[in-house]
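Read off the chains here:
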Amino acid sequence: MNPAALKANLRDMPPGSTLLVNVDTFDQRNLDKAGYTSNPLTDGSLANHRVFEVPMTSITVEATKPLGVKPRDAERSKNFFALGLLCWMYTRPVEPLLDWIKRRFANRPEVLEANLAALRAGLNFGETAELFDHPYEVRPAQLPPGTYRNITGNLALSYGLVAAAQKAKLPLFYASYPITPASDILHELARLKHFGVKTLQAEDEIAAAGAAVGAAFAGSLAVTATSGPGVDLKAEAIGLAVSLELPLVLVDVQRGGPSTGLPTKTEQADLLLAMYGRHGEAPLPVVAARSPGHCFDAAFEAARLALKYRTPVVLLSDGYLANGAEPWPIPDLDALADISVEFATEPNHGDEFWPYLRDPETLARPWAIPGTPRLMHRVGGIEKEDGTGNVSYEPENHEKMTRLRAAKIAGIARDIPGVELDDQEGAELLLLTWGGTWGVGTAATRRVRARGKPVAHAHLVHLNPFPPDLGDVLARYPKVLVPELNLGQLSRLVRAEYLVDARSLTKVQGVPFRAAEVEAKILEMIEQ
Amino acid sequence: MNPAALKANLRDMPPGSTLLVNVDTFDQRNLDKAGYTSNPLTDGSLANHRVFEVPMTSITVEATKPLGVKPRDAERSKNFFALGLLCWMYTRPVEPLLDWIKRRFANRPEVLEANLAALRAGLNFGETAELFDHPYEVRPAQLPPGTYRNITGNLALSYGLVAAAQKAKLPLFYASYPITPASDILHELARLKHFGVKTLQAEDEIAAAGAAVGAAFAGSLAVTATSGPGVDLKAEAIGLAVSLELPLVLVDVQRGGPSTGLPTKTEQADLLLAMYGRHGEAPLPVVAARSPGHCFDAAFEAARLALKYRTPVVLLSDGYLANGAEPWPIPDLDALADISVEFATEPNHGDEFWPYLRDPETLARPWAIPGTPRLMHRVGGIEKEDGTGNVSYEPENHEKMTRLRAAKIAGIARDIPGVELDDQEGAELLLLTWGGTWGVGTAATRRVRARGKPVAHAHLVHLNPFPPDLGDVLARYPKVLVPELNLGQLSRLVRAEYLVDARSLTKVQGVPFRAAEVEAKILEMIEQ
Amino acid sequence: MTATNGDGGVQLARKDFQSDQEVRWCPGCGDYGILAAIQFMLPEVGVRPEELVFVSGIGCAARLPYYMNTYGVHGIHGRAPAIATGVAIARPDLHVWVIGGDGDMLSIGGNHLIHALRRNVNIKILMFNNQIYGLTKGQYSPTSEVGKVTKSTPFGSLDQPFNPVSVALGAEATFVARTHDMDRKHMIEVFKRAHAHRVRRSSRSTRTATCSTTARSTRSSTRTLGRNMLIELRHGEPVRFGAERELGVVLNELGEAKIVRVDEVGEDAILVHDERAPTRRSRSRCRGSPASPRCRPRSGCSGPSNGRRTRARCSGRSPRRPSSAVPAISTRCLRSAPTWTVA
Amino acid sequence: MTATNGDGGVQLARKDFQSDQEVRWCPGCGDYGILAAIQFMLPEVGVRPEELVFVSGIGCAARLPYYMNTYGVHGIHGRAPAIATGVAIARPDLHVWVIGGDGDMLSIGGNHLIHALRRNVNIKILMFNNQIYGLTKGQYSPTSEVGKVTKSTPFGSLDQPFNPVSVALGAEATFVARTHDMDRKHMIEVFKRAHAHRVRRSSRSTRTATCSTTARSTRSSTRTLGRNMLIELRHGEPVRFGAERELGVVLNELGEAKIVRVDEVGEDAILVHDERAPTRRSRSRCRGSPASPRCRPRSGCSGPSNGRRTRARCSGRSPRRPSSAVPAISTRCLRSAPTWTVA
Ligand SMILES: Cc1ncc(C[n+]2csc(CCOP(=O)(O)OP(=O)(O)O)c2C)c(N)n1
Ligand SMILES: Cc1ncc(C[n+]2csc(CCOP(=O)(O)OP(=O)(O)O)c2C)c(N)n1
Ligand code: SF4
Ligand code: SF4
Ligand SMILES: [Mg+2]
Ligand SMILES: [Mg+2]
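Residues numbered from 1 in each chain as written. Chains lettered and ligands numbered in written order. Predicted model: local features only at pLDDT ≥ 70, side-chain atom pairs only at ≥ 80, totals over all residues. Heavy atoms only, no water.

Chemist: How do you make sense of the coordination of the magnesium ion (ligand 6) when you look at a structure like this?
Modeler: Each donor-metal-donor angle in an ideal tetrahedron of four donors is 109.5 degrees, and each such angle in an ideal octahedron of six donors is either 90 or 180 degrees. Residues and elements named next belong to chain D. Only Asp102 (OD), Asn130 (OD1) and Ile132 (O) from the protein coordinate the magnesium ion (ligand 6), and they sit 2.0 to 2.2 Å from it. Sequence spacing of the donors to the magnesium ion (ligand 6): D-x27-N-x1-I. Look at Ile132 and you get buried, because its relative accessible area is 2%. (Donors = N, O, S within 2.8 Å, 3.2 Å for Na, K, Ca; no water. Buried < 20%, exposed > 50% of the residue type's maximum accessible area, 1.4 Å probe, protein only.)

Chemist: Quick question: what am I supposed to make of the interface of chain B and chain A here?
Modeler: Where the parts come together, the accessible area they lose is often given as the size of the interface. Every contact between the two is made by 66 residues of chain B and, on the other side, 66 residues of chain A. With both chains or domains summed, chain B and chain A bury close to 5,700 Å², and 60% of this area falls on carbon and sulfur atoms. Looking at the side of chain B facing chain A, the largest losses of area belong to His279, Glu281 and Tyr393 of chain B, adding up to 14% of the total buried there. Our enumeration of links across chain B and chain A arrives at two salt bridges. In this structure, the salt-bridge partner of Glu497 of chain B is Arg492 of chain A, at a minimum N-O distance of 2.6 Å. Where chain B packs against chain A, one counts 30 residue pairs in polar contact (both at pLDDT 80 or more). Looking at the side of chain B that touches chain A, the elements with two or more residues in it are helix H10 (228-244), helix H11 (271-276), helix H14 (395-410) and helix H17 (489-498) of chain B. When residues in the side of chain B that touches chain A are grouped by element, the largest group, ten residues, is from H10 of chain B. Tallied by class, residues from the side of chain B that touches chain A come to 26 nonpolar, 22 polar and 18 charged. (Contact = heavy atoms within 4.5 Å. Buried area = accessible area lost by both parts, 1.4 Å probe. Salt bridge = Lys/Arg side-chain N within 4 Å of Asp/Glu carboxyl O. Polar contact = N/O pair within 3.5 Å; in protein donor to acceptor, adjacent residues only side chain to side chain. Helix = DSSP H or I, 4+ residues; strand = E, 2+ residues; numbered from the N terminus. Nonpolar A, V, L, I, M, F, W, Y, C, P; charged D, E, K, R; others polar.)

Chemist: Would you mind going over the sheet that holds strand S14 (residues 456-460) of chain B with me for this structure?
Modeler: The pairing of strands in a sheet comes from backbone hydrogen bonds and takes either a parallel or an antiparallel form. All names here are of chain B. In space, the five strands of this open sheet follow the order S12-S14-S13-S16-S17, with mixed pairing throughout. Both outer strands of the open sheet, strand S12 (420-422) and strand S17 (502-506), are each paired with one neighbouring strand and no more. For this sheet, the mean inter-axis angle between neighbouring strands, taken without regard to orientation, is 25°. The strands that helix H15 (residues 438-450) touches are S12, strand S13 (429-434) and S14; relative to S14, the one it contacts most, it runs at about 175°. Each of S13, strand S16 (479-484) and S17 touches helix H18 (residues 515-527); the most contacted strand, S16, lies at about 160° to it. (Pairing = 2+ DSSP bridges. Axes fitted to C-alpha atoms, helices over the stretch in contact; angles between N-to-C directions.)

Chemist: Where do I start with unusual backbone geometry in this structure?
Modeler: Note on backbone geometry: most residues besides glycine have negative phi, and most peptide bonds are trans. Going from Thr180 of chain A to Pro181 of chain A, the amide bond is cis rather than trans, its omega being 0°. Locating Pro181 of chain A in the fold gives a position in the loop between strand S4 (172-176) and helix H8 (183-190). Residue Pro465 of chain B follows Asn464 of chain B across a cis peptide bond; omega there is -15°. In this model, Arg245 of chain D sits at a positive phi of 55°, which is unusual for a non-glycine residue. One can find Arg245 of chain D in the loop between strand S9 (240-241) and strand S10 (247-251).

Chemist: Any chance you could explain the environment of Val419 of chain A here in plain terms?
Modeler: Residues and elements named next belong to chain A. Position of Val419 relative to the elements: it lies in the loop between helix H14 (395-410) and strand S12 (420-422). On the basis of relative accessibility, which here comes to 11%, the residue Val419 falls in the buried class. Sequence separation between Val419 and His462 is 43 residues; the distance between their C-alpha atoms is 9.0 Å.

Chemist: Please explain the packing of helix H7 (residues 153-168) of chain B against helix H8 (residues 183-190) of chain B as it appears in this structure.
Modeler: Packed helix pairs are characterised by how far apart their axes lie and by the angle those axes make with each other. Residues and elements named next belong to chain B. Remark: H7 packs on H8, axes separated minimally by 9 Å, with the N-to-C direction vectors making an angle of 50°. When the interaxial angle is binned, H7 and H8 end up oblique. When you trace H7 past H8, the crossing you get is right-handed. Residues Asn154, Leu155, Leu157, Ser158, Leu161 and Val162 of H7 form the contact with H8, whose own contacting residues are Asp184, Ile185, Glu188 and Leu189. (Parallel < 35°, antiparallel > 145°, perpendicular 65-115°, else oblique. Left-handed = near helix turned anticlockwise from the far one by under 90°.)

Chemist: Just to check I follow, could you spell out the sheet that holds strand S10 (residues 247-251) of chain C for this structure?
Modeler: Residues and elements named next belong to chain C. Across the sheet, which stays open at both edges, the three strands sit in the order S9-S10-S11 with antiparallel pairing between neighbours. Two strands in the sheet have a free side with no partner beyond their single neighbour: strand S9 (240-241) and strand S11 (257-261). In terms of strand pairing, S9 meets S10 through two bridges, oriented antiparallel. Bridge assignment links Arg240 to a residue of S10, and that residue is Gly248.

Chemist: What should I look at first to understand the site of ligand 2 in this one?
Modeler: Surrounding ligand 2, one finds 24 residues, the nearest of these being Glu205 of chain B together with Cys60, Asp102, Gly103 and Asp104 of chain D. Surrounding ligand 2 is a set of residues that belongs to chains A, B and D. The separation between a nitrogen atom of ligand 2 and a polar side-chain atom of Glu205 of chain B is 2.4 Å. Within the contact set of ligand 2, an oxygen atom lies 2.7 Å away from a backbone nitrogen or oxygen of Asp104 of chain D. Here ligand 2, which alone exposes 590 Å², has 99% of that area covered by the protein. (Near = heavy atom within 4 Å. Areas by Shrake-Rupley, 256 points an atom, 1.4 Å probe, with all protein chains shown as cover.)

Chemist: Honestly, the relation of the copies chain B and chain A in this entry has me stumped. Any pointers?
Modeler: Each of the two chain copies can be brought onto the other by rotation about an axis and movement along it. Of the transformation placing chain B onto chain A, the axial shift is 0.0 Å and the rotation is 180°, giving an RMSD of 0.1 Å. The symmetry that links the two subunits is that of a two-fold axis. Both copies share a contact surface, since 100% of the interface residues of chain B are interface residues in chain A too. (Least-squares fit on C-alpha atoms with pLDDT ≥ 70 in both.)

Chemist: What am I meant to see in the packing of aromatic side chains here?
Modeler: Centre distance and the angle of the planes are the two values used to describe a pair of aromatic rings. On inspection of all chains with the given rule, the structure shows 21 aromatic pairs over all chains. Relative to Tyr71 of chain C, the ring of Phe217 of chain B has its centre 6.4 Å away and its plane inclined at 70°; by these criteria the two rings are edge-to-face. Taken together, the residues Phe217 of chain B in helix H9 (residues 205-217) and Tyr71 of chain C in strand S4 (residues 71-74) connect one chain to another. Through successive ring pairs, a cluster of aromatic residues spans Trp25, Tyr32 and Tyr67 of chain C. The side chain of Lys7 of chain A reaches across the aromatic face of Tyr36 of chain A, ending 4.5 Å from its centre. Lying over the aromatic face of Phe155 of chain D, Lys193 of chain B brings its terminal NZ or CZ to 4.4 Å of the ring centre. (Phe/Tyr/Trp six-rings, centres within 6.5 Å; stacked < 30°, edge-to-face > 60°. Lys NZ or Arg CZ within 6 Å of the ring centre and 35° of its normal.)

Chemist: Explanation requested: the domain arrangement of chain A in the structure shown.
Modeler: Each assigned domain of chain A is listed with its residue range as follows: domain 1 (3-128), domain 2 (149-335) and domain 3 (420-527). Between the C-alpha centres of domain 1 of chain A and domain 3 of chain A the distance comes to 41 Å. (Domains from an automatic or database assignment.)

Chemist: I tried to follow the environment of Gly86 of chain D on my own but got confused; where do I start?
Modeler: Tracing the chain through its elements places Gly86 of chain D in helix H2 (residues 80-90). Setting aside residues up to four positions removed in sequence, Gly86 of chain D forms contacts with Phe173, Ala211, Gly214 and Ala215 of chain A.

Chemist: Can you help me understand H10 of chain B in this one?
Modeler: The α-helix advances 3.6 residues per turn, and as a result positions three or four apart in sequence lie on the same side. Residues and elements named next belong to chain B. Taking 1.5 Å per residue as the helical rise, H10 with its 17 residues ought to reach 24 Å, and the 24 Å between its terminal C-alpha atoms agrees with that figure. Along its length, H10 shows its largest kink, about 50°, at Lys234. Counting buried residues in H10 gives 17 out of 17 residues, a clear majority hidden from the surface. (Expected span 1.5 Å × (residues − 1). Bend = angle between axes of the 7 residues up to and from the residue.)

Chemist: What's the story with the nonpolar core in this structure? I'm lost.
Modeler: Within soluble globular proteins, side chains that are nonpolar tend to cluster in buried spots. Residues Leu432 and Leu490 of chain A together with Leu432, Leu463 and Leu490 of chain B are the most contacted members of the largest nonpolar core, which totals 315 residues. Not counting chain neighbours up to four residues away, the residues in contact with Leu490 of chain B comprise Leu271, Leu432, Trp434, Leu460, Leu463, Phe466, Val482 and Glu484 of chain B. (Core = buried A, V, L, I, M, F, W, Y, C linked by side-chain atoms within 4.5 Å.)

Chemist: What is the right way to look at the pattern of salt bridges in this model?
Modeler: Close approach of charged atoms allows side chains of opposite charge to pair. Tallied over the entire structure, the rule returns 66 salt bridges over all chains. Across the pair Arg261 of chain C and Asp263 of chain C runs a salt bridge, and its minimum N-O distance is 3.6 Å. Relative accessible area serves as the criterion here: at 36%, Arg261 of chain C is assigned to the partly exposed category. On the accessibility criterion, Asp263 of chain C (59% relative accessible area) is exposed. One salt bridge in this structure joins Lys15 of chain D and Asp16 of chain D, with 3.8 Å as the shortest N-O distance. The class of Lys15 of chain D is exposed, set by a relative accessible area of 58%.

Right, dumping it as structure tokens:
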């Protein structure tokens, strides 16, 4: 789009839609011509849309130059550049397009070549610049009353962290290393320093996690975010945080793996990594967002658990949620829970301060931050004596501490809501979703019910510990189906925990399920 | 021990026993006095023992100097230094000893102080120098006929790797970063360069794993070993090896966790990490050694699977096996299987070479090493097109490749032996062990049977994939007990896979089970 | 562009080193020039495609191996020097080149880089320094100048950048050079010297002949960047530059480099470049002077260019808990985008 | 050893900085001296225990925080500079010290070290350089000299060591000093300067006042290591050393440092040390000269001392598959320990 096209079409674009603008055309002359008094790209008026600013003209000119195409003529191939880029973004096959172009311009070989070059340049631009987009399947607009804005998952997650810090009355410290599709959280938070947010672009993911541990020790709400490969690298520092029992949120915006995999595509294949990706017995809570807007709530909840139980928490998002957008009812911040915690200020054992003397209910240890007189203490990753926190190699103590750490995390089950269950009379099959498959799960449930077949749907936000009643809920249905964008990770956890024959519907294509796919599988299982 | 004591007592020391020698006394004069013509510490004559060389005299002198003790008098406190060191090594409580010393020397305060200082110096030396020892419970000497030597797990593992390289007709490339209790593998292999072994002490564990990937690409049998924290760090590079489908062995000599944990103590808590400690769907085979000598066989098997299926393999050992020693029947190298694989030498798709064209049976891809004309190709961590190996973002291709990688690993089940089952008529309970609990499992089984109660014992060397008949075996017993030095990791895998109510007996004390503990649990479960 | 192999006989050409994969950098990206220089250089030094391994990390630059008709590993971010070390130790018969960007090599991969240099492994390392993270859409890198406004530093970056040559020399590198993507001739010359730098370890009689090489290539899309922006250093020649070579470098008594007009101090006063002198180290540091051309990265990887340029990471003293002076995130902020109401 | 706090009034002593934990280093280890120097220095600069955070990685040196009655984090291997960066950014009001060994800081932690220096974060880094891995029982470290025989290098190490000062300067460190565990006075002086080095970021008007500091401390157990082995550098003074201060350092026209007899060249020819001159870099590199004392590490952490000293990593050209020239591991080898037979 150029300024004129933007002006003409903007009112027809629903919030959350994606705009591809040709920045090369946004010069003063064109803006004036279109009747803009300020540049819409910078004045915030497009904040409700996902805007990709691409220098289409100049890249097309460059791309066709080797063919001897003159800049003026190249301009005309620009649309093919845009087409190429769209193919990339929506993962559409290119071959039919190529055939069509070849037929269409068969008798004008120079134009054909130029258009093909432009198309390829568009495709390559998407790949090279790691552009990321999937249309988030917006829920039908039967929205409850309220005030909405459009929001992407990454932005909602950023706001959720800031809100949590505020409700905890703590500064927010955010350290990370850029990686698709998590980078935007860094970009968003870096702009919010006036809210007491400090951001650090670290030299790598290990340093980012290390810095977060340091900031947590120093009394901040410490957060680090990354995607798959970065989670691998942070494992050791997260294990340290488990041992130090310090609050910390690790955000994993999942993408296609293994290894570099499909960096711009979505997947849900890091659940078992979140659960078990550290050496030794190092349990921690795992929370997953279910929609772009829910990233706000999930971030808030992750921070709450981290602070209250002095533990690192893994918050799972994915590329689909992170870059997808949906209408979001703007929360009333005053209505959000107070999640503040007390720093220790006094010795807790006679004249002494014992950093591992636990709260009998939460099993959390006291948080005494540097600068507090009389509470000086040292913490480290070597096993600690129960209570004093001194280094201890004593066998029984290690057993005790290992079980205490596990009990602390397991005990969180008492502090989280029961299963979100959408039951239906006569349902024999339970559809169990987690994370980004919630949307398609609700849609598929609706569709199955519309066919007159009963089905129940439960969704898990908390993946460790599970809601306390999950075992009971599962036991009520003879059939359990878990649709997952992996090879069956939640189903393994559920099977091991409850010995329930949970079946998987798996898909690993870098794109979300379609409702019809889940619907078909449900119907098939109901028939069986 | 000084030279004289060594001379006098050596013949009474069974092979594999631990010798604590005071190096300060091994000067020429003392050696001559004891009648040694060469220094036994360096001439190899103690190779059958675990020798700890400790400068006892000088440390004791230094430790007592602040008390004003003269060097000559300090000498006499030396035995208390040795006592302290022994307490550390055998994880014995110190308090009773302290009480005894205090009573014993109550009326000679200077001597008391000196002895206490020496005792503490001994304890601290053990901790500071990360000395590692557990007495390995040697099996009763009903050994079958054959030629034996005494061997520690780390040495057997090193030899197993060298033997595998030889039987594969490949050079062995070993890269690692020092860490207790895995360092000795580096020390051993560094001495074997005359067998074509190349060792690299890398700058960290990531670099060690990266170098191993490079060496594998270049055509070596590539191995990297570490312990818990190092496994965390290697995750990303191992994920790369999964994606590149290159042979590589990752050895994890498990120790007490989480974080730095108990670096000199044993544990079995990295099984789930080995299984799931990488982002995305990145399955790989897992093999575990069951005794010090078996580390040889397990290393050989890990190398075999890695080479044949072009995959990284995790080989699990633990501190108890690594540093424990047992009599070992020296294998006949000629009798070991030929595990050599062919490098690709010719284009495999017309004139082209396709690096991801698989062997239809093993699903392994060809291994074409640099230097081979006409087979130039590029591999990378981005998803690859089936066959050509070119970068591909195509959804169906990603699904296909993800399932192919999983099928390749799952297919290994056809290539491994069935469950090692020690059944007994009438047994209702199956004791299922893995790794270092094999020894105590056999002992407990013997003890239960000696009481006239039937019990069956199965041991798993292959943890992924499981032996093909494991499901059938488990189904035969109403009760399954899994003793583990963790919080129940194998039992989770078995429950998820077979929906069998496998119960755990867990212990996390940094020390192995005692046979009586396992026996008691078996009896308890039999009664139920 | 064919050449005769040193062994005599074998004639290879640029195309022998080009793979069948489409080059996917942004049109106009400086990486094209570097790729071409490598592909022109290789036939001239007489090495066969199968003897070459190109190892890279992740980033735009790190795509290069795909475009070479040689053996290649596109590895993981930052670890290319480690992977290459494994290749080179396992196979001293190969020629191993390491490719990466400034983020790949100096941020996440800094440790592997300095250790590879120190170890003097038989590899050649090319860092493509565009002073930005290209692939991830424009965050500042360890070579970005102070104050740079990028997506991750909307108020300007605070960190002192590395001077890659200083880092390499501080890490005991035995061959370091810097060249420029717009100067194909100089690039090819530098790459040839890198290729030839395969010495025995100094005076010690090691049997594994190893060396390491770093070339630094700055990319630019602005074709207007002229010769007079660069100081070309040649062994044994006075350090002069400028359109008319009217400028030169002198050393003061402390060993600091200064830029002067040659006619004011006389030709004899001008420093003569000595590759082996330890003060080359000082000269690598004429930062901010024309010696280090400031390149405008390609549109594809540039950060926001019109943000406000302030330099504070956080505002003022930082209380442990936000005091009332630190505004709380407010409903107003969450509404900073247009809102609508459903009734 | 008490002192008056700068604020006036508060009197603290060494014991106020000593924790109740037993110090567990080997008797005679050089780390004791460094610990004592820190504990003597702190009361003199007037800082309160609760304002201090000691952050370390893993290793013998890294145990130090346990012995300080301050806040402390015993972190994970190599990551202390990163953890400390988090503490310092979150809390500019604190005094943050980073402690680690040569392996911790320069091997696994090299990248965090150079980035912490480059970023000029408000931390002070002390590296205890014993040129060996102490805790893990004696493998060579990145500062071990070429040819060192250790457990992991039975035939002698091949790798060129880092010069820590060069690495730090190459990484844009703003304060670098080297001192010695046997010289408490000099140590305390250096630590005090490190403590004081808390400047505003050069000329830019940043509000967060940050700086970083590296002091390097070599340990030695040999009490005989005398003054005449060291060159002490003092700003504004000629660089002279030796028992009688009879030796000195001059700079030749290339900026290279040379050791000369003072009476042969005259006092005026001797280089005057200027802390701010860029060629300090060259002088950091008088390696092998008396400027870098060779320390024998403590028994507890020394490697095997009587192995053969050969320097090859592998024997000769390295064929892709072992040829017949490479002996196969044999039953004889597996039997290299005494064997016995059960019949
Ligand atoms: C472990 C890991 N962290 C982060 C990333 C994301 N990432 C890919 S390339 C890159 C930096 C690219 O910058 P540079 O190395 O300078 O190369 P350029 O694209 O500028 O050529 C980053 C942060 C990744 N792929 N892996
Ligand atoms: C990730 C990880 N890798 C390896 C180790 C094992 N390790 C502990 S300390 C150390 C090196 C000690 O050397 P140095 O840092 O020089 O300290 P010193 O003991 O000599 O004071 C190593 C390799 C570890 N704890 N963690
Ligand atoms: S994003 Fe930048 S570095 Fe990457 S291809 Fe485009 S211009 Fe080149
Ligand atoms: S092993 Fe070495 S560094 Fe460690 S305490 Fe002993 S003497 Fe000191
Ligand atoms: Mg770059
Ligand atoms: Mg050391």
